Structure formats: C-alpha cells, structure tokens
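Overview (structure and organization)
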Amino acid sequence: MWNSIRCEVQGRGHIKNSIPCQDKTYSICINGVQTVALADGAGSAKLSHFGAENVVKNICYELSSKFEDYFLEEDGIVVKENLLKNIKTNLEKLAFELECDTKDLASTLLFVSIKNDKFILAHIGDGVIGYLKNGELKIASQPENGEFINTTIFTTSKDAINSMRLIKGHINDIKSFILMSDGTEESFYDRRERKLAEVLKNIIEKMITEPVKEIQLKLEESFKNVIIQKTTDDCSIVILVNEEMTVEDLKIKTKRKLKIKRVKKLEKYKVLDRKSGS
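Residues numbered from 1 in each chain as written. Predicted model: local features only at pLDDT ≥ 70, side-chain atom pairs only at ≥ 80, totals over all residues. Heavy atoms only, no water.

Attention now moves to the overall build of the protein chain. A tally of helices and strands in the protein chain yields eight helices and 13 strands. Of all 278 residues assigned to the protein chain, the portion counted as buried reaches 50%. Long-range pairs, those at least 24 residues apart, make up 74% of the contacts in the protein chain between residues at least 6 apart in sequence. Surface exposure of the protein chain reaches about 14000 Å², of which carbon and sulfur atoms provide 48%. (Helix = DSSP H or I, 4+ residues; strand = E, 2+ residues; numbered from the N terminus. Buried < 20%, exposed > 50% of the residue type's maximum accessible area, 1.4 Å probe, protein only. Contact = heavy atoms within 4.5 Å. Areas by Shrake-Rupley, 256 points an atom, 1.4 Å probe, with all protein chains shown as cover.)

What the rule picks out here adds up to 10 salt bridges. Note that Lys 57 is salt-bridged to Glu 53, the shortest N-O span being 3.6 Å. In this pair, Lys 57 and Glu 53 both sit in helix H2 (residues 48-72), four residues apart, roughly one turn of the helix. The exposure class of Glu 53 is partly exposed, given its relative accessible area of 34%. Across the pair Lys 118 and Glu 68 runs a salt bridge whose closest N-O atoms are separated by 2.8 Å. Placement of the pair is Lys 118 in strand E5 (residues 118-124) and Glu 68 in helix H2, with a sequence separation of 50 residues. Taken together, the shared-partner salt bridges in this structure form one network comprising Glu 68, Lys 115 and Lys 118. (Salt bridge = Lys/Arg side-chain N within 4 Å of Asp/Glu carboxyl O.)

Per the counting criterion, the structure on display carries five aromatic pairs. Between Trp 2 and Phe 177, the aromatic rings sit 5.9 Å apart at their centres with planes inclined by 40°, giving tilted as the arrangement. One end of the pair, Trp 2, is in strand E1 (residues 2-9); the other, Phe 177, is in strand E9 (residues 174-180), and 175 residues separate them in sequence. By the burial criterion, Trp 2 is buried, and Phe 177 matches it. (Phe/Tyr/Trp six-rings, centres within 6.5 Å; stacked < 30°, edge-to-face > 60°.)

So, on to helix H6 (residues 199-209). Among all positions in H6, only Leu 200, Lys 201, Ile 203, Ile 204 and Met 207 are buried. Summarising the axial view, the buried residues of H6 lie within an arc of 160°, below the 170-degree limit, and thus occupy one face. (Arc of directions from axis to C-beta.)

This part takes up the pairing of strand E6 (residues 128-133). With six of its six residues buried, E6 lies for the most part within the structure. The side-chain alternation of E6 yields two buried faces, one formed by Val 128, Gly 130 and Leu 132 and the other by Ile 129, Tyr 131 and Lys 133. In terms of strand pairing, E6 meets E9 through six bridges, oriented antiparallel. Considered in E9, the bridge of Leu 132 is made with Ser 176. Sheet topology places E6 next to strand E7 (residues 136-141); five bridges connect them, and they run antiparallel. Across the sheet, the residue bridging to Ile 129 is Ser 141, located in E7. Counting the residues that bridge the hairpin from E6 to E7 gives two residues, and of these Asn 134 lies at a positive phi of roughly 55°. (Pairing = 2+ DSSP bridges.)

With eight of its eight residues buried, strand E12 (residues 235-242) lies for the most part within the structure. Alternating residues of E12 divide into Cys 235, Ile 237, Ile 239 and Val 241 and Ser 236, Val 238, Leu 240 and Asn 242, and every residue in both groups is buried. With eight bridges joining them, E1 and E12 adopt antiparallel strand pairing. Paired with Cys 7 across the bridge in E12 is Ile 237. Bridge analysis of E9 against E12 gives five bridges, and the strand direction is antiparallel. Bridge pairing links Ser 176 to Val 241 in E12.

Residues Ile 59, Leu 63, Leu 83, Phe 111 and Ile 120 are the most contacted members of the largest nonpolar core, which totals 33 residues. Elements that contribute at least two residues to this core include exactly strand E2 (23-30), strand E3 (33-40), H2, helix H3 (76-98), strand E4 (109-115) and E5. Here this core gets nine residues from one element, more than from any other, and that element is H2. Beyond its immediate sequence surroundings of up to four residues, Leu 63 is in contact with Val 33, Thr 35, Tyr 70, Leu 83, Phe 111, Ser 113 and Ile 120. One finds Leu 137, Met 207, Ile 215 and Ile 227 within the second-largest nonpolar core, a separate group that totals 26 residues. (Core = buried A, V, L, I, M, F, W, Y, C linked by side-chain atoms within 4.5 Å.)

Here you go:
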C-alpha cells in the first residue's frame with residue numbers, strides 16, 4: 001500500500017479579501033484501491049470551493065468502486081466520457097441544492113488511483129502531476145491553459161474532454177506520486193525548465209524515515225508559514241509514497257542500468273491522448 005500526506009492552505013490574496021480557500025484535496029483507500037485527488041476552484045466562480053470539494057470526494061469514490069472497469073476499458077474516449085459524466089451528475093445535484101449554476105462550481109481536477117501494480121491518473125486544467133522513478137523526479141502531466149492568457153480548463157468547461165489527460169499503466173519502479181495546484185507550483189515547479197524541485201525528495205525521504213502523522217503536521221506548518229509567501233493564491237499538495245520504498249530508492253541509478261532498462265523497454269505506460277483516446 002501507499003502512505004499519503006496532503007494539505008490545502010488559504011492564499012494571502014483570499015485571506016485579504018475574505019474569500020474561502022478554493023483548493024481542496026481528498027484521499028481514500030477502499031476495496032484495495034488507493035485514490036488521491038486535488039482540485040483548484042475557479043477564481044471567477046463564486047461557489048467553486050464547494051465544487052472543488054464535491055469533485056475530489058466523488059471522483060475518489062468513483063475510482064474506488066470502478067477501478068477495474070476504467071483500467072480495462074481500452075477506449076480512452078469512453079473512459080473520459082464516463083469520468084466526466086460522473087463529475088457532471090454530482091455537480092448538477094450540488095448546483096440544485098445550492099440554487100446556482102454548475103459553472104459557479106467550476107474547478108480543475110488532478111487524481112491518481114492505484115490498485116496492486118496498476119494505476120490510473122487524470123488531469124483537467126492547471127496544476128502538475130509528478131512521480132519519482134529510479135531516483136528521479138519526473139513530470140506525468142503539465143498545466144493545461146485555456147485559449148487566452150491566465151485562463152485554464154475546468155471540469156465544467158465544454159471542451160474538458162478534449163483537454164483531459166488520461167494515463168494508465170503499471171507501477172513498475174514508481175515509488176511516489178505528487179499532485180500540486182498552480183499556487184504550489186511557485187515553490188515546487190520550474191515552468192521554464194518543466195522540472196519539479198529537488199526539495200520534494202526531502203519530503204518523500206521524511207515520509208519513509210519518520211512517522212507520517214508528524215510529517216503531515218510539518219507540511220501544514222511549512223505551507224502556512226513559507227509556501228504561501230511566494231504567491232497570493234491558495235496552495236495545495238498531495239504526496240503518495242509506496243510503503244516499501246527505502247532511502248536507496250531516492251538515489252539515481254547508474255547510466256548503465258538506465259540504458260539496460262531502455263533497451264529492454266521495461267517502462268511502458270499507456271497514454272490515452274486527448275483527441276483519439278488511444
């Protein structure tokens with residue numbers, strides 16, 4: 001199984017203007033399926049904090065009950081359609097309860113779901129999904145922006161299905177997954193180089209050498225006192241670490257070993273592209 005830590009912190013801009021934290025995270029482990037999700041509510045949507053919370057919870061439960069169905073379905077478009085149908089149905093119910101339009105509940109969405117040696121991840125909008133493999137931090141999915149500057153795609157967007165990134169695969173040597181919102185990117189993601197900050201390895205190391213509950217508290221303290229100082233936006237993060245991971249797994253393997261792995265093609269993930277779904 002996997003250990004997880006997560007937190008969301010209200011940004012300085014939202015504190016100043018008395019706006020609720022619009023970043024939400026969630027994590028569950030049911031039926032042998034571990035799922036984590038993160039959503040960043042749209043700043044232009046007045047009730048997006050409710051929408052973000054609804055989305056992360058419902059998508060986690062959806063994957064917990066239907067993981068195998070989604071994993072075995074070879075048509076990427078069908079998987080995306082079913083995921084978005086679930087999201088839309090639940091947001092419509094919430095909109096009815098709150099007497100608002102579904103667009104008032106708009107948010108981004110990032111999730112990773114794991115069962116045994118298999119995983120599914122998906123991404124709508126900005127934010128980053130990364131992972132640790134062979135001692136290196138890598139990017140699984142980068143931010144998706146909209147047609148205009150400073151815009152992005154949301155769960156309620158008409159073209160969400162075309163922009164949604166969906167990846168299925170086997171864990172192999174992946175030891176950790178990292179999800180973060182655009183506010184957190186300011187501290188842990190280099191947009192120009194498209195790289196994750198090496199400091200994330202320090203957090204991962206602590207998760208395998210110290211009690212997870214203690215690291216959770218330290219993470220929250222760090223976000224409240226340090227991370228939010230680099231942006232006015234809300235900040236959130238989710239980190240998953242394999243329970244069997246050791247400190248040695250944080251070290252980069254030799255070039256020779258990497259070459260051997262490439263030749264043998266041991267790393268093979270199925271990326272379901274946004275247009276064809278295959």
